[in-house]
Amino acid sequence: MERIKVAVNGFGTIGKRVASAVSLQDDMELIGVTKTRPNYEAQVAVLKGFPLYVPEGNQKAFEDAGIKVAGNIDDMISKADIVVDCTPGDFGEFYRDKYRAAGVKAIFQGGEDHSLTGVSFNSTANYSESWGAPLSRVVSCNTTGLLRTLAPIDRKYRIKDAYVTIVRRAADPGDSKAGPINGLEPSVKLPTHHGPDVQSIMPWLNISTMAIKASTTLMHVHTVVAHLEGQPTTEDIIDIMSKSPRVRLIDSREGIKSTAQIMELAKDLSRDRADMYEICVWRDGVKVVGDTLYYYQAVHQESDVIPENIDCIRSMCKMEQDPEKSVRKTNASLGISNN
Ligand SMILES: NC(=O)c1ccc[n+]([C@@H]2O[C@H](COP(=O)([O-])OP(=O)(O)OC[C@H]3O[C@@H](n4cnc5c(N)ncnc54)[C@H](OP(=O)(O)O)[C@@H]3O)[C@@H](O)[C@H]2O)c1
């Protein structure tokens, strides 16, 4: 079987995880990653055996730092079938034009707008919409979290409206420039962009969102209130969640009372980088009263979008038509159990 050649542009929080995940797939070949600065992350890329590409003109700085470079970013793009772009938000247009000119497919991340690609991706909600597409966008960590739980509930019990509050981590754990962090900061631009982002994939969903930045780096937590057309019981909803891909039911009665214990669980599961790819829903925090559903979920911002990037490659490169099969294959490679 010929493997699809995948390049990862941007080797930061998301890029290094996507690169590791691609390197685990038997139907993909990681042909390179990029860095603009010759720091420890560039050394790690070389240590892992990932060919490292840098911007034209930066090569000497890397060589002076003793870091072996395989070529410039344009060289890497020209060798790829698809680029997973994990550069910080706002470089999108610049790189989209480069990928187009090179005739290479590209996936962008949630820091870019839906309008950049015209199609957005989530494995649970719309795998097939990126089938063969030249460009797509894996939505943000929070949007991915909402789609993973709302889409299966909406399929069975149609959601009339949903109100979500997102308690956001203020910075990623490895990001010391934003700290020390102390205080709670509400997003005063309302409603927040998360609702419209969910609608880029479920345009019919009546969803309103608010957000507060909190003094934590571990995970985000969502509170969800939804009115349903159907009349499920609490157990019916738990049953749906227990069967939904990449949703993990956790229980405060088993000692998982906070995001701290979820991160401990990810370490205990010996996950790569202690990542928790699944959206964690507190089983004992799910409740239906009349037509109103309440639940809490936690999102590991650094990793929940990683399996979606792998599935998105398979959809765009027409490698697997059945979403379920792609999800299972990706899950098996990352140690995620299938529900
Ligand atoms: N972090 C999260 O929680 C999270 C979750 C979901 C989605 N996202 C989205 O994922 C994307 C990447 O975010 P991130 O958190 O991974 O960012 P990050 O940690 O800051 O990493 C960005 C990477 O891009 C590289 N880079 C910077 N300028 C570049 C350029 N002009 N050309 C090529 N590479 C360049 C940086 O390399 P140098 O260090 O060498 O400059 C760095 O390796 C964003 O769209 C973000 O919104 C982030």
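Residues numbered from 1 in each chain as written. Predicted model: local features only at pLDDT ≥ 70, side-chain atom pairs only at ≥ 80, totals over all residues.

Residues spaced three or four apart along an α-helix face the same direction, because each turn holds 3.6 residues. All of the buried residues in helix H10 (residues 259–268) are Thr259, Ile262 and Ala266. Looking straight down H10, one finds that the buried residues subtend no more than 55 degrees of arc, so they occupy a single side. Exposed side of H10, more than 90 degrees from the buried face: Ala260, Lys267 and Asp268 are the residues found there. In this structure, the buried side of H10 is in contact with strand S12 (220–228), strand S13 (247–250), strand S14 (279–282) and strand S16 (292–299). Positive backbone phi, at 55 degrees, marks serine 270, one or two positions downstream of H10. (Buried ≥ 20, exposed ≤ 12 C-beta atoms within 10 Å, placed from the backbone. Helix = DSSP H or I, 4+ residues; strand = E, 2+ residues; numbered from the N terminus. Arc of directions from axis to C-beta. Contact = placed C-beta atoms within 7 Å.)

We now examine the site of the ligand. For the ligand, the set of nearby residues contains 26 residues, the closest of which are Gly10, Gly12, Gln109, Gly111 and Gln301. Broken down by element, the shell around the ligand gets its largest block of residues, 3 residues, from helix H1 (residues 13–23). A class-by-class count of the residues in the shell around the ligand yields 7 nonpolar, 14 polar and 5 charged. (Near = placed C-beta within 6 Å. Nonpolar A, V, L, I, M, F, W, Y, C, P; charged D, E, K, R; others polar.)

Attention now goes to the packing of H1 against helix H11 (residues 306–316). Axis separation between H1 and H11 bottoms out at 9 Å; the angle between their running directions is 55 degrees. With respect to their mutual orientation, H1 and H11 come out oblique. Here H1 and H11 pass one another in a crossing that is right-handed. Seen from H1, the contacting residues are Arg17, Val18, Ala21 and Val22; seen from H11, they are Ile306, Asn309 and Ile310. Taken together, the residues that form the contact of H1 with H11 break down as 5 nonpolar, 1 polar and 1 charged. (Axes fitted to C-alpha atoms, helices over the stretch in contact; angles between N-to-C directions. Parallel < 35°, antiparallel > 145°, perpendicular 65-115°, else oblique. Left-handed = near helix turned anticlockwise from the far one by under 90°.)

Its domain assignment divides the chain into domain 1 (4–139 + 305–334) and domain 2 (141–299). If you average the C-alpha positions of domain 1 and of domain 2, the two centres end up 26 Å apart. In this complex, domain 1 contributes 18 residues to the contact, which on the side of domain 2 involves 19 residues. If one sorts the elements of the side of domain 1 that touches domain 2 by residue count, helix H6 (residues 123–126) sits on top with 4 residues. Of the residues in the side of domain 1 that touches domain 2, the class split is 7 nonpolar, 9 polar and 2 charged. (Domains from an automatic or database assignment.)

The next point concerns the nonpolar core. Counting 86 residues, the largest nonpolar core has Val6, Val8, Val18, Val22, Ile82, Ile107 and Ile313 as its most contacted members. In terms of residue count, the dominant contributor to this core is helix H7 (residues 141–157) (7 residues). The two domains that each donate at least three residues to this core are domain 1 (4–139 + 305–334) and domain 2 (141–299). (Core = buried A, V, L, I, M, F, W, Y, C linked by C-beta atoms within 7 Å.)

The next thing to look at is the packing of H11 against helix H12 (residues 323–334). One way to put it is that H11 packs onto H12 with a least axis distance of 9 Å and a crossing angle of 135 degrees. Considering their axes alone, H11 and H12 lie oblique with respect to each other. With respect to the hand of their crossing, H11 and H12 are arranged in right-handed fashion. Here Pro307, Ile310, Asp311 and Arg314 of H11 come into contact with H12, specifically with Ser326, Val327, Thr330, Asn331 and Leu334. Tallied by class, residues from the contact of H11 with H12 come to 4 nonpolar, 3 polar and 2 charged.

Our next topic: the sheet that holds strand S2 (residues 28–34). Taken in spatial order, the 8 strands line up as S4-S3-S2-S1-S5-S6-S8-S7 in an open sheet, and their pairing is parallel. The open sheet terminates on both sides in strands that have one partner only, identified here as strand S4 (71–72) and strand S7 (120–121). Bridge count for S7 against strand S8 (residues 135–138) is 2 bridges, and the pairing is parallel. Residue phenylalanine 121 lies in a different strand from S8, and its bridge partner there is valine 138. Running over the sheet, H1 touches strand S1 (4–9), S2 and strand S5 (82–85) and is turned about 155 degrees from S2. (Pairing = 2+ DSSP bridges.)

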